[in-house]
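Letter by letter, the chains look like this.
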Amino acid sequence: MALVAAHRNPTLKSFADRLRKAGKPHKVIITDVARKLVTTANALSKSRQKRTNAKA
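Here is a short report on the structure shown in this document. (Residues numbered from 1 in each chain as written. Predicted model: local features only at pLDDT ≥ 70, side-chain atom pairs only at ≥ 80, totals over all residues. Heavy atoms only, no water.)

Attention shifts here to the overall build of the chain. Of regular secondary structure, the chain possesses three helices and zero strands. Element order for the chain, N to C, with α for helix and β for strand: α-α-α. Carbon and sulfur atoms make up 58% of the accessible area of the chain, which amounts to about 4700 Å² in all. (Helix = DSSP H or I, 4+ residues; strand = E, 2+ residues; numbered from the N terminus. Areas by Shrake-Rupley, 256 points an atom, 1.4 Å probe, with all protein chains shown as cover.)

Written as structure tokens, this is what we have:
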């Protein structure tokens, strides 16, 4: 999933490109992209939960 996200998502693609230019190994790049993807998903999940609770 992180590999696809690094190719398709413009934000994650630029993040992966920066890591590549810094000379990071492929496995490190994929791991960092996966972490960023999980962090983003958690933030979206939290913000949606707060909105639903605020409406109720």
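With that settled, consider the nonpolar core. Counting residues in hydrophobic clusters, the biggest one holds nine residues: Ala2, Ala5, Ala6, Leu12, Phe15, Ala16, Leu19, Ile29 and Val33. Those elements that place two or more of their residues in this core are helix 1 (2-8), helix 2 (10-21) and helix 3 (26-55). When residues in this core are grouped by element, the largest group, four residues, is from helix 2. Sequence-distant contacts of Ala16, that is, excluding residues within four places in its chain, are made with Ala6, Ile29 and Val33. (Core = buried A, V, L, I, M, F, W, Y, C linked by side-chain atoms within 4.5 Å. Buried < 20%, exposed > 50% of the residue type's maximum accessible area, 1.4 Å probe, protein only. Contact = heavy atoms within 4.5 Å.)

Below, the discussion takes up the pattern of salt bridges. Pairs can form between side chains of opposite charge once their charged atoms are near each other. Taken as a whole, this structure holds one salt bridge when the rule is applied. With a closest N to O distance of 2.7 Å, Asp17 and Arg20 form a salt bridge. One end of the pair, Asp17, and the other, Arg20, are both in helix 2, three residues apart, so they sit about a helical turn from each other. (Salt bridge = Lys/Arg side-chain N within 4 Å of Asp/Glu carboxyl O.)

Moving on to helix 2. The end-to-end C-alpha separation of helix 2 is 16 Å, in line with the 16 Å expected for twelve residues at 1.5 Å each. Taken residue by residue, helix 2 has Leu12, Phe15, Ala16 and Leu19 as its buried positions. Projected onto a plane normal to the axis of helix 2, the buried residues spread over an arc of 95 degrees and lie on a single side. Every exposed residue of helix 2 that faces more than 90 degrees away from the buried side is listed here: Pro10, Arg18 and Lys21. One side-chain oxygen of the residue at the start of helix 2 lies 2.9 Å from the amide nitrogen of Thr11, identifying that residue as Asn9. (Expected span 1.5 Å × (residues − 1). Arc of directions from axis to C-beta. Polar contact = N/O pair within 3.5 Å; in protein donor to acceptor, adjacent residues only side chain to side chain.)

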